[in-house]
Protein chains: 2
Amino acid sequence: MTSDTSVPESGPPANGLPRRAGIADVAARAGVSVGTASKALNGRGNLREETRARVRAAAEELEFAPSTVARSLLTGRTFTVGIITTDSYGRFSIPIMRGAEDALGLGEMLAFLCDSRDDPIREQHHIKRLLERRVDGIIVAGRRTDARQPVGRNLPVPVVYALAPSADESDISVTSDEPGAARLAIDHLVRTGRRRIAHITGPHSHASSRVRADSTVEALRAHGLELVGDPWFGSWSEAWGRFAVAQLLRSDPDVDGIFCGADVIARGATDALRESGASLPMQVGVVGVDNWVISAEAARPPLTTVDLGLQELGRRAGELLIAAIDGSPAPGLHTVPGHLVVRES
Amino acid sequence: MTSDTSVPESGPPANGLPRRAGIADVAARAGVSVGTASKALNGRGNLREETRARVRAAAEELEFAPSTVARSLLTGRTFTVGIITTDSYGRFSIPIMRGAEDALGLGEMLAFLCDSRDDPIREQHHIKRLLERRVDGIIVAGRRTDARQPVGRNLPVPVVYALAPSADESDISVTSDEPGAARLAIDHLVRTGRRRIAHITGPHSHASSRVRADSTVEALRAHGLELVGDPWFGSWSEAWGRFAVAQLLRSDPDVDGIFCGADVIARGATDALRESGASLPMQVGVVGVDNWVISAEAARPPLTTVDLGLQELGRRAGELLIAAIDGSPAPGLHTVPGHLVVRES
């Protein structure tokens, strides 16, 4: 840490690099005071147009970039937000972050990224640091759709929860359309002629497993069909997909469609079906969830899957945060629809 | 955008949320001037210890968090850095970012994340925005080890290149130890009794494919062995791993070890070997690169692989950047060693 006390507008370089032109340099070149140069560049005050033009020309010649630090002192905003993620693998947070960046970039905001690593103490530490930085708002991105405790009460800036909604309904949350995901999968399987459809999914303790399973049963009923057997709750893994299919083929050998709650499960399921001698997709159709491209495309056959629209979800979170910062918060739970990506399974 | 002109220390809330206590509130509660309150909290100036204590107590009661904006005006630093990533899937950038965050967090710095999406125009836009924000430095994280053009000349802040080194050797770059990765894999295969070892890897146009292939040949020679056939250059995909193994078993049916340049290739290779009837790892040993856990653990058998230490690489990039900001740049190409993760393949 340096104890240099220069101000950023005109500080000497601490690291031997060429120093940036500051407002004082611009003023000197234009032959005006620092205050006049500042007014000219901010478009404020009563200045002659000739003076304004001279200052602007000097700023351009010196490649002067207006300091956001100084700008924030004038507007009361820092044009920064914090994004806190909990997703160690990045599969869920990367598309959310990218979408949020799109929305925030349009609002000329930059995002500080903090990884809480599913540790509440780290999370609180990040909240504190972000508030010290005077961020204008915070996005908290989860990796599950289970409701979570709010990061705090009466925080001085708006917070938007992405994917994992806040348990407090007066907070602003945006999540994926889980019932809609099940409907997209079932409608596709029925449309392609499947009538004996089973469901293999993740742990019963995860909200998205339970909601998708219930919605699967409902979507089948809307077509006048019943689920084959009970939903198979297990884990988000290929091994579970393989194991469940082996059991399923024993209990219901005439199954002709399987909706899997995740691409990793669908991948294990397609491997087990293929290795059992079943012809895919002729004999059994399989649909996953996630559209995790690198894995879905490598499966044999490549997976038909429901894309939950996480990038769009991130964009929506960014838009909701900007609206809240601008004084128009939209509390409650917002959902973003998914869409089906048809491949060969 | 708001045109509110309040200063952040005492601005009225624009969004209906409880407003943060500012330095003026602390001063009022302690019964001192704003200047005195500021000196007391910054530990500067000649103040009576009693006054200092009273101001600190007031700050605590009001949960006053010192504004980084104000602090940066005093030190000439913003304690922020920018991280620019190019990695759309996040497999490489997530561990690098996490490591960098570790190093920067210790220096009380926060990172703005920008995704260039492999688009040079986006990258320049991000550089410009980051410089406008007066970041203290920038990390540019790539997803390949090929040297890349520097992001600019004579930038006013230090830049550290992570994974993809700068083509300018006077820049600060840190990358993975590619020859070392090949040695780790070959040493393991030889130690487990393999003598007829082949190499299947990514595109010849990628530096890491070429360097690992050359280093594989050298590492084998150090054991008095020759590579079986030529290196198989192809693509970073499971399909390539499957296809290459099918050809390899035709040309060299007595191969007993395969070093694959990536886990996705190794995964395709193990699938093809298993489906050809080979017993793994008894008949053929397979080693990958990446330790992309979610895929390596799902393979049958789970993959033995070289972990390139990307999180450590990110940490090193963060440390190199902090050193450069503090006036001690270490130009040149730094490498971070990998390590072998032994599973069942």
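Rules used in this analysis
- Residues numbered from 1 in each chain as written.
- Chains lettered and ligands numbered in written order.
- Predicted model: local features only at pLDDT ≥ 70, side-chain atom pairs only at ≥ 80, totals over all residues.
- Heavy atoms only, no water.
- Salt bridge = Lys/Arg side-chain N within 4 Å of Asp/Glu carboxyl O.
- Helix = DSSP H or I, 4+ residues; strand = E, 2+ residues; numbered from the N terminus.
- Buried < 20%, exposed > 50% of the residue type's maximum accessible area, 1.4 Å probe, protein only.
- Pairing = 2+ DSSP bridges.
- Right-handed = clockwise from strand over helix to strand, strands pointing away.
- Contact = heavy atoms within 4.5 Å.

- Per an unreviewed UniProt entry, chain A carries the name LacI family transcriptional regulator and comes from Kineosporia babensis.

## Details of the pattern of salt bridges
Working step 1: Applying the stated criterion across every chain yields a total of 56 salt bridges over all chains.
Working step 2: In this structure, the salt-bridge partner of Arg300 of chain A is Asp271 of chain B, at a minimum N-O distance of 3.4 Å. With one member in each of two chains, Arg300 of chain A in the loop between α11 (293-296) and β10 (304-307) and Asp271 of chain B in helix α10 (residues 263-275) form a pair that bridges those chains.
Working step 3: In this structure Arg300 of chain A comes out as buried when scored by relative accessible area, which is 18%.
Working step 4: In this structure Asp271 of chain B comes out as buried when scored by relative accessible area, which is 4%.
Working step 5: Among the salt bridges present, the one from Glu275 of chain B reaches Arg274 of chain B, with a minimum N-O distance of 3.8 Å.
Working step 6: Accessibility expressed as a relative area gives 42% for Glu275 of chain B, which makes it partly exposed.
Working step 7: Salt bridges sharing common partners tie together Arg98, Glu101, Asp102, Glu312 and Arg315 of chain A together with Asp115, Arg117 and Arg122 of chain B.

## Re the pairing of strand β6 (residues 197-201) of chain B
All names here are of chain B.
Working step 1: The buried count for β6 comes to 5 of 5 residues, which makes it a mostly enclosed element.
Working step 2: A two-sided burial pattern is seen for β6, the buried positions comprising Ile197, His199 and Thr201 on one face and Ala198 and Ile200 on the other.
Working step 3: In this structure, β6 lies alongside strand β8 (residues 257-260), joined through 4 bridges in parallel fashion. Its bridge partner lying in β8, Ala198 is registered against Ile258.
Working step 4: As paired strands, β6 and strand β7 (residues 232-233) are joined by 2 bridges and run parallel to one another. Counted as the bridge partner of Thr201 is Phe233 from β7.
Working step 5: Regarding the hand of the β-α-β motif, the stretch spanning β6, helix α8 (residues 207-222) and β7 is right-handed.

## Quick notes on the environment of Leu313 of chain B
All names here are of chain B.
Working step 1: By the element assignment, Leu313 lies in helix α12 (residues 310-325).
Working step 2: Spatially, the C-alpha atom of Leu313 lies 8.0 Å from that of Ala100, the residues being 213 residues apart in sequence.
Working step 3: When neighbours within four sequence positions are excluded, Leu313 is seen to be in contact with Ala162, Leu163, Val174, Thr175, Ser176 and Val336.

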